[in-house]
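Single-letter residue listing:
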Amino acid sequence: METAGFAQTFWQYAYFLAAVTVVFSIKWLSSPATARRGVIAGEIGFALAIIGTLMRSEVHNYTSIVLAMLIGAAIGAPMALKMPMTAVPQFTALSHAFGALAAALVGTAEYYLEPGQPPTGFKMIALTIEVLLGFLTFTASIMAFAKLQDLIPTRPMTYKGQNFVNLGLLVLAAVMGIWMIAAPAPGWAYPLFILLSLTFGVLLILPIGGGDMPTVIALLNSYAGASACAMGFALENRMLIIAGATNAASGFILSVIMCKAMNRSFTNVLFGAFGQVLAADKTKQGGKPVRSATAEDAAMILANSQKVIIVPGYGMAVAQAQHKVRELTDQLVKRGVDVQFAIHPVAGRMPGHMNVLLAEADIPYDRLHEMEDINAEFSEADVALVIGANDVVNPAARHDKTSPIYGMPILDVDKAHTVMVIKRSMNPGFAGIENELYYNDKTLMLFGDAKSFVAEIVKEVAAQAPVPA
Ligand code: NAP
């Protein structure tokens, strides 16, 4: 008898443990040293939430649930295993899209549960928010995925009166929602409400450039969380409220961090059509002389330095050069060089991108420093070695008021005695603008693919005369 009672209330214990585990998971995820533990705790937490839900007395049909889980796992697992690190933003978008769609479909099922008698009162309010956010996040996330995956043009697509049209559509959807809450609406109202929400999601993303998409994806993550939280209220499910609210808050905080690191506002990201201004800027300069050097020159300077600060960027991630960078670090450290890493908060294509890659290559965490902590050290460094980073080291951000990245905090690499930049060409980075650092007298351009160029430097450093004992 008692066992049966426990089985019936097991889900409550499971939910409680899941909530506690997820809070610990978030705490541990905040440091590279404990991040692995954080991931495992998060997985355990969500497994507990799922098991708890499956054991609730309302669940009767396990066949369809298991089938759906198997299909989901068969699609999701290979995608996760094959996905390159540089494609994390678009795959995150895809996962938000399906999470949001699931919430919106559950809301729709609830709406039609009792034919001709849709929910009323508080439940209907929660359900309307859930469905509006769910469907708009679904199409917006699919659009974000398509832009980042180059399936549709990444540049902002704008037209006159666009913000007015978008806002008008959102207001119309909201009015429809309020109507459905306030009074029994005719049969066509709900499908039209869905259509408006889906269309708003598409239109929301059109004017946003691929460059701003990682920030928008964090924001969409927040919308998907808010939709799930509203679903929790509609279904009276505490776990969904906790998980959804945590998701909504973390997505929002992440997008604020990204905006701050780029010195942009939300309005500028959402309505600024950033990539367009930049494309025009691309042709502004050129023809100025730059100093280039070989791997041998670079190795000689590095091997005879006392302090080297390495600045990784998106190019290091694309080239998968992190393991060669580790080899170079080991070689230089062996020669008594003090090697440190400077990590810009938006280097690469998502926050933490560089930390993950360098950790994967077993570069000790205590060599990695955040921008605020290491910027003052560049003036004491013999060499700042920039590997595939561009915008995050562009001094124009400090003084050129006409630059689209003006005001973005940058790594002060130009304060080092010598700057070396590994990249393949003079092409601009993500923001699409010229980098005046490359024309600085103390900058040496090392043209080539990051992985093979660093490998060459490693070979050349090894060939240098051993350090006198
Ligand atoms: P970046 O400005 O995009 O520049 C990357 C550089 O890497 C390019 O100039 C490219 O030059 C070089 N590169 C590409 N492939 C390479 C290869 N195989 N070998 C060597 N070099 C290669 O990168 P970043 O300095 O890391 O800046 C990140 C940008 O993303 C910022 O503008 C930031 O605002 C934006 N962003 C980041 C986030 C985030 O969360 N991290 C979010 C939103 C926006 P070549 O083509 O000449 O090789």
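Each remark here, short or long, concerns the structure printed above.
Source: prediction; values computed, not measured.

Let us look at the overall build of the protein chain. Counting its regular elements, the protein chain contains 18 helices and six strands. Across its three principal directions, the C-alpha atoms of the protein chain cover 85 × 60 × 35 Å. Here the protein chain holds 469 residues, and 46% of them are scored as buried. For the protein chain, contacts bridging at least 24 residues in sequence account for 77% of all contacts bridging at least 6. A total of about 22,800 Å² of accessible surface is found on the protein chain, and carbon and sulfur atoms cover 65% of it. Within the protein chain, one finds 31 positive and 34 negative side-chain charges whose respective centroids are separated by 3 Å.

All right, on to the sheet that holds strand 2 (residues 338–343) then. Spatial ordering of the open sheet is given by 3-2-1-4-5-6, a layout of six strands whose pairing is parallel. Looking along the sheet, the strands with just one partner apiece sit at the ends: strand 3 (368–370) and strand 6 (443–447). Put simply, the sheet's adjacent strands are angled 25° from each other on average, direction ignored. Here helix 15 (residues 353–360) sits on the sheet and contacts strand 1 (307–312), strand 2 and strand 3; the angle it forms with strand 2, its principal contact strand, is near 145°.

Let us look at the packing of helix 5 (residues 121–148) against helix 6 (residues 162–182). Relative to each other, helix 5 and helix 6 sit at 155°, their axes nearing to 9 Å. In this view, helix 5 runs roughly antiparallel relative to helix 6, as classed from their interaxial angle. In this structure, the crossing between helix 5 and helix 6 has a hand that is right-handed. Contacts between helix 5 and helix 6 involve M124, I125, T128 and L132 on the former and, on the latter, A173, G177, M180 and I181. Here the residues of the contact of helix 5 with helix 6 are counted per class, giving six nonpolar, two polar and no charged.

Turning next to the pairing of strand 1. Taken across its six residues, strand 1 has six buried, putting it largely inside the fold. Every second residue of strand 1 is oriented toward a common face, with K307, I309 and V311 on one face and V308, I310 and P312 on the other, all of them buried. Alignment of strand 1 against strand 2, held across four bridges, turns out to be parallel. From the neighbouring strand, I310 faces strand 2, where its bridge partner is F341.

With respect to burial, strand 4 (residues 383–387) is a largely interior element, five of its five residues being buried. By the alternation rule, side chains of strand 4 split into V383, L385 and I387 and A384 and V386, which are all buried. Taken together, the five bridges between strand 1 and strand 4 define a ladder with parallel strand orientation. In the strand pairing of strand 4, V311 is matched with V386.

On to helix 7 (residues 189–205). When the terminal C-alpha atoms of helix 7 are compared, their 25 Å separation across 17 residues agrees well with the 24 Å that a helix rising 1.5 Å per residue should span. Listed as buried for helix 7 are A189, Y190, F193, I194, L196, S197, F200, G201, L203, L204 and I205.

Procedures and definitions
The written sequence of each chain sets the order in which its residues are numbered from 1. Local features in this predicted model are restricted to residues whose pLDDT is 70 or higher, and side-chain atom pairs enter the listing and the counts only when it is 80 or higher, whereas totals over whole chains, interfaces and linings include all residues. Hydrogens and waters are ignored; side-chain quantities use all the structure's heavy atoms. Comment: elements are numbered from the N terminus, with helices defined as DSSP H or I runs of at least four residues and strands as E runs of at least two. When accessible area is computed with a 1.4 Å probe and restricted to protein chains, residues below 20% of their type maximum are described as buried, those above 50% as exposed, and intermediate ones as partly exposed. Contacts between residues were defined by any pair of non-hydrogen atoms, one from each residue, lying within 4.5 Å. With residues, only the protein chains shown are counted as cover, and all accessible areas are computed by Shrake-Rupley using a 1.4 Å probe. When charges are tallied, Lys and Arg are placed among the positive residues and Asp and Glu among the negative ones, while His and the ends of the chain are skipped. Every charge is mapped onto a representative atom, which is NZ of Lys, CZ of Arg, CG of Asp or CD of Glu. At least two bridges found by DSSP between two strands is the condition for calling them paired. Interaxial angle, 0 to 180 degrees, is taken between N-to-C directions of lines fitted to C-alpha atoms, where a helix line uses only the stretch in contact. Every angle not falling under 35 degrees, over 145, or within 65 to 115 is termed oblique; those three ranges are roughly parallel, roughly antiparallel and roughly perpendicular. Rotating anticlockwise by less than a right angle from the far helix to the near helix defines a left-handed crossing, while the corresponding clockwise rotation defines a right-handed one. Each residue gets one label: Ala, Val, Leu, Ile, Met, Phe, Trp, Tyr, Cys and Pro are nonpolar, Asp, Glu, Lys and Arg are charged, and the others, such as Gly, are polar. Expected span of a helix: the number of residues minus one, times 1.5 Å.

The analysis is restricted to geometry; functional conclusions fall outside its scope.
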